[in-house]
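Coordinate analysis (summary)
The residues making up each chain are set out below.
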Amino acid sequence: QVQLVESGGGLVQAGGSLRLSCAASGSIFSINTMAWYRQAPGKQRDLVAAITSGGNTNYAASVKGRFTISRDNAKNTVYLQMNSLKPEDTAVYYCKLSQRRSVYLDYVNYWGQGTQVTVSS
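A word on the environment of glutamine 113
Checked against the element boundaries, glutamine 113 lands in the loop between strand E10 (108-111) and strand E11 (115-120). The partly exposed category is assigned to glutamine 113, whose relative accessible area is 48%. Residues glutamine 113 and valine 92, 21 residues apart in the sequence, show an inter-C-alpha distance of 9.4 Å. When near neighbours in sequence (up to four residues on either side) are disregarded, glutamine 113 contacts Leu4, Val5, Glu6 and Tyr94. Separated by 2.9 Å, the side chains of glutamine 113 and glutamate 6 make a polar contact.

Some details on the state of the cysteines
All told, the structure shown has 1 disulfide when counted by the stated rule. Between cysteine 22 and cysteine 95 runs a disulfide, and the two sulfur atoms are separated by 2.1 Å. Disulfide cysteine 22-cysteine 95: the torsion about the S-S bond is -85 degrees, which places it as left-handed. With cysteine 22 in strand E3 (residues 18-26) and cysteine 95 in strand E9 (residues 91-99), this pair connects stretches of sequence that are 73 residues apart. The class of cysteine 95 is buried, set by a relative accessible area of 0%.

What counts and how
- Residues numbered from 1 in each chain as written.
- Predicted model: local features only at pLDDT ≥ 70, side-chain atom pairs only at ≥ 80, totals over all residues.
- Heavy atoms only, no water.
- Helix = DSSP H or I, 4+ residues; strand = E, 2+ residues; numbered from the N terminus.
- Buried < 20%, exposed > 50% of the residue type's maximum accessible area, 1.4 Å probe, protein only.
- Contact = heavy atoms within 4.5 Å.
- Polar contact = N/O pair within 3.5 Å; in protein donor to acceptor, adjacent residues only side chain to side chain.
- Disulfide = S-S within 2.5 Å.

So this is what it looks like as structure tokens:
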């Protein structure tokens, strides 16, 4: 079992910055992907950014150039640095860890409880 705990959400003005953190614990394998998703009211949950244990990253087009994902493998922690925030970034942000214990098995996804990010005009 894996547990994910997010922190760093809050209320900021447009143009401001926040840094989200997500610490993972439990049965974590060395090869995995950690990611940030977000979900605004009435909308689907969308990928914001992802990073592999090897450091490869992917970003949603809407945040590319403004957000930066990073991780500390020793701490099993992933970060999301959010700059130049816009009101449309307002959402609940969720941390996800995806891993498999063998190349012959399916990936298993674990989710955090979410943290609210609100960007005011």
